[in-house]
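Chain and residue survey
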Amino acid sequence: SWRIIGKGSGRRGPKERVVPLHGALVDALSRWRASSQGDYILAGLQRPWISETALRRIAAEIGEAAGIGHATPHRIRHTTATVGLENTHDLRAVQELLGHGSVQTTQIYTKIRPHRLREVVSGLRPDAAA
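The text that follows walks through the structure, step by step, so that each part is easy to find. (Residues numbered from 1 in each chain as written. Predicted model: local features only at pLDDT ≥ 70, side-chain atom pairs only at ≥ 80, totals over all residues. Heavy atoms only, no water.)

**Things to note about the overall build of the chain**
Summing up its helical and strand segments, the chain has six helices and two strands in all. Along the chain direction, N to C, the helices and strands of the chain fall in the order β-β-α-α-α-α-α-α. If you take every contact in the chain between residues at least 6 apart in sequence, the share linking residues at least 24 apart comes to 26%. Only carbon and sulfur atoms are counted for the fraction: they give 58% of the accessible area of the chain, which is about 10,100 Å². (Helix = DSSP H or I, 4+ residues; strand = E, 2+ residues; numbered from the N terminus. Contact = heavy atoms within 4.5 Å. Areas by Shrake-Rupley, 256 points an atom, 1.4 Å probe, with all protein chains shown as cover.)

**As for the side chain of T82**
Relative to the elements of secondary structure, T82 occurs in helix α3 (residues 73-88). A relative accessible area of 6% places T82 in the buried class. (Buried < 20%, exposed > 50% of the residue type's maximum accessible area, 1.4 Å probe, protein only.)

**Concerning the side chain of T110**
Relative to the helices and strands, T110 resides in the loop between α5 (103-109) and α6 (114-123). With relative accessibility at 11%, the residue T110 sits in the buried group. In this view, T110 contacts A81, T82 and L85; residues no more than four positions away in its chain are not counted.

**What to know about the packing of α3 against helix α4 (residues 91-98)**
Angle between the axes and distance between the axes are the two parameters that describe a pair of packed helices. Across the interface, α3 lies against α4 with an axial gap of 9 Å and an inter-helix angle of 150°. Between α3 and α4, the angle is such that the two are roughly antiparallel. For the pair α3 and α4, the sense of crossing is right-handed. In this structure, α3 contributes R77, T80, A81, G84, L85 and T88 to the contact, and α4 contributes L91, V94, L97 and L98. By residue class, the composition of the contact of α3 with α4 is six nonpolar, three polar and one charged. (Axes fitted to C-alpha atoms, helices over the stretch in contact; angles between N-to-C directions. Parallel < 35°, antiparallel > 145°, perpendicular 65-115°, else oblique. Left-handed = near helix turned anticlockwise from the far one by under 90°. Nonpolar A, V, L, I, M, F, W, Y, C, P; charged D, E, K, R; others polar.)

**Comments concerning the nonpolar core**
A81, L85, V94, L98 and Y109 together form the largest nonpolar core, which totals five residues. Elements with a minimum of two residues in this core: α3 and α4. The contact partners of L85, leaving out residues within four places of it in the chain, are D90, L91, V94 and T110. (Core = buried A, V, L, I, M, F, W, Y, C linked by side-chain atoms within 4.5 Å.)

**Concerning the pattern of salt bridges**
Under the defined criterion, the tally for this structure stands at three salt bridges. One salt bridge in this structure joins R113 and E86, with 2.6 Å as the shortest N-O distance. Of this pair, R113 sits in the loop between α5 and α6 while E86 sits in helix α3, and the two are 27 residues apart along the sequence. The exposure class assigned to R113 is partly exposed, which follows from its relative accessible area of 33%. Note that E119 and R116 form a salt bridge whose closest N and O atoms lie 3.0 Å from each other. Of this pair, E119 and R116 both sit in helix α6, three residues apart, which is roughly one turn of that helix. On the basis of relative accessibility, which here comes to 25%, the residue R116 falls in the partly exposed class. (Salt bridge = Lys/Arg side-chain N within 4 Å of Asp/Glu carboxyl O.)

**A short note on helix α2 (residues 52-66)**
A rise of 1.5 Å per residue sets the reference length of α2, with its 15 residues, at 21 Å; its end C-alpha atoms lie 21 Å apart and thus fit the reference within 8%. Within α2 the residues assigned to the buried category are A54, A59, A60 and G63. Backbone geometry just downstream of α2 places G67 in the positive-phi region, at approximately 80°. (Expected span 1.5 Å × (residues − 1).)

The analysis is restricted to geometry; functional conclusions fall outside its scope.
And the structure:
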């Protein structure tokens, strides 16, 4: 697990939660931690954490380098929600991962991609009673 502090809402302030991480990411972070002197993965120059503007720039650069176009932290969050739902079919687990208080908010974040709709249609039986 990893402790994440996000911006939260203007009314309630920063939101902190502990989320599980993929094993490959845990390995990479453990290697980084062993060789690093700092406590933050993306540390800013003026303060120990990185600014939102700098994070957006880094995400955009990574997206362009990966050939996926302009990426933003928010777009990455939406993609994570969609892929998580597609792979698990567990909306409540995705809701918990994203830290949403409402399943309706999580539904807004997730998209049904065309290949998933085709899978659903393929699974329909013409002889099934309505």
